[in-house]
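Coordinate inspection notes
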Amino acid sequence: MIAEDYLLVRAGIEALVATEEGVEVVGVCSGYDGLLACVDKHRPDVVITDIRMPPTLTDEGIRAATMLRETHPDVAVLVLSQFLDPSYLLALIAQGSSRRGYLLKERIAAPGELISAVRTVASGGSFIDSVVVDSLVSAKARNEGGALRQLTPRERETLAEVAAGRSNSAIAARFKVSERAVEKYINSIFLKLGLRGDRDTNRRVKAVLLFLDSDSSSR
């Protein structure tokens, strides 16, 4: 199901999704109330929603994701956004990051990116755009005395992949290294950041984003 108030954007997303084998668009809407009604009617596996829609054009996509966590916990939500503000990310996963995703609109046209995000959240995982995470990591790393300054370039890249919800094997494939090497990167990251490692990807995503949104100097 697609929720987007701009007709051309909505049509573009629908066209991209409709070309993927095994994926069907069961409904479209243009606002918060319509989104909730459409979910009640069609019971989709995944909702792709803009972050800002009528009636207030503020955070309707986030609020809808929060509401659906209570009313339709099996429905996955992928939020599309133009914003790098970590507060949106934290609000999205405040009640858990499983079946939740956050993708920049500018990345929708990247080959396979939208469908990859849809399939990830549909399967119960979490998807956080690696471009968003990398931007936050880089900003934190530039702060004098920030803990992220301790990370090597490869560790920073790995952190972005971890926060995007990718498994160790998926990260190893992207970097063309062994899974053992990835495990070492991750262990080193959490040691340097003072964060406890966890095998559960969703909890790791939340820990990383919470760290990025906090004042590292207070840790």
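Residues numbered from 1 in each chain as written. Predicted model: local features only at pLDDT ≥ 70, side-chain atom pairs only at ≥ 80, totals over all residues. Heavy atoms only, no water.

You'll find the protein chain entered in an unreviewed UniProt entry as Response regulator transcription factor, with Nonomuraea rosea given as the organism.

Some details on the layout of surface pockets
To keep it simple, the criterion reads: In this analysis the probe radius is 1.4 Å and the grid spacing 1 Å, with only protein atoms considered; a cavity is a set of points the probe fits into but cannot get out of, a pocket is an open set with protein on both sides within 12 Å along at least five of seven lines, and lining residues have an atom within 4 Å of a point. Grid points are joined across faces, edges and corners, and a volume is the space filled by probe spheres set on the points. Helix and strand assignments come from DSSP, with helices taken as H or I runs of at least 4 residues and strands as E runs of at least 2, each series counted from the N terminus. The residue classification treats Ala, Val, Leu, Ile, Met, Phe, Trp, Tyr, Cys and Pro as nonpolar and Asp, Glu, Lys and Arg as charged. All others, Gly included, are polar.
Counted as a void, the largest pocket has a volume near 290 Å³. The wall of the largest pocket is formed by 16 residues, among which Val23, Glu24, Asp45, Val46 and Val118 lie closest to the centre. Mapped onto the lining of the largest pocket, the elements with two or more residues apiece are strand 3 (46-50) and helix 5 (113-122). With 3 residues, helix 5 is the single largest residue contributor to the lining of the largest pocket. Of the residues belonging to the lining of the largest pocket, the class tally is 11 nonpolar, 1 polar and 4 charged.

Describing the nonpolar core
We count it as follows: Put simply, a nonpolar core is a bunch of buried Ala, Val, Leu, Ile, Met, Phe, Trp, Tyr and Cys residues held in one set by side-chain atoms that sit within 4.5 Å of each other. For the exposure calls, accessible area comes from a 1.4 Å probe over protein chains only, and a residue counts as buried if that area is under 20% of its type's maximum, exposed if over 50%, partly exposed in between. Should any heavy atoms of two residues lie within 4.5 Å, those residues are considered in contact.
Ranked by size, the top nonpolar core spans 36 residues in total, and within it Met1, Leu35, Val47 and Tyr102 carry the most contacts. Mapped onto this core, the elements with two or more residues apiece are helix 2 (32-42), helix 3 (60-71), strand 4 (76-81), helix 4 (86-92), strand 5 (100-104), helix 6 (130-142), helix 7 (153-163) and helix 9 (179-193). A total of 5 residues in this core trace back to one element, the largest contributor, which is helix 2. When residues no more than four places from it in sequence are discounted, the contact partners of Leu35 are Met1, Ala3, Cys29, Val47, Thr49, Met53, Ala64 and Leu68. In terms of nonpolar packing, the next biggest core, distinct from the first, is built from 15 residues, Ile13, Val17, Leu78 and Leu80 among them.

Digging into empty space enclosed by the protein
Gaps between atoms show up when a probe of the same size as a water molecule is rolled over them. For the structure shown, the criterion picks out 1 cavity of 30 Å³ or more. Estimates place the volume of the largest cavity at around 30 Å³. Forming the walls of the largest cavity are Ala65, Thr66, Arg69, Ala91, Leu92, Ala94, Gln95 and Arg100. Of all the elements in the fold, those that place two or more residues in the lining of the largest cavity are helix 3 and helix 4. Per element, the largest residue contribution to the lining of the largest cavity is 3 residues, and it comes from helix 3.

What to know about the packing of aromatic side chains
Here is the rule: Each Phe, Tyr or Trp ring, with Trp reduced to its six-membered ring, pairs with another whose centre is within 6.5 Å; inter-plane angles below 30 degrees give stacked pairs, above 60 give edge-to-face pairs, and intermediate values give tilted ones. Charge over a ring is defined by NZ of Lys or CZ of Arg lying within 6 Å of the ring centre and within 35 degrees of the ring normal.
One pass over the full model with this rule turns up 1 aromatic pair. An angle of 35 degrees between the planes, with centres 5.8 Å apart, marks the rings of Phe83 and Tyr88 as tilted. Residue Phe83 is classed as partly exposed on the basis of its relative accessible area, which comes to 24%. Residue classification places Tyr88 among the buried residues on the basis of a relative accessible area of 14%. In this structure, Arg154 is placed above the aromatic ring of Phe175, and the distance from its NZ or CZ to the ring centre is 4.1 Å.

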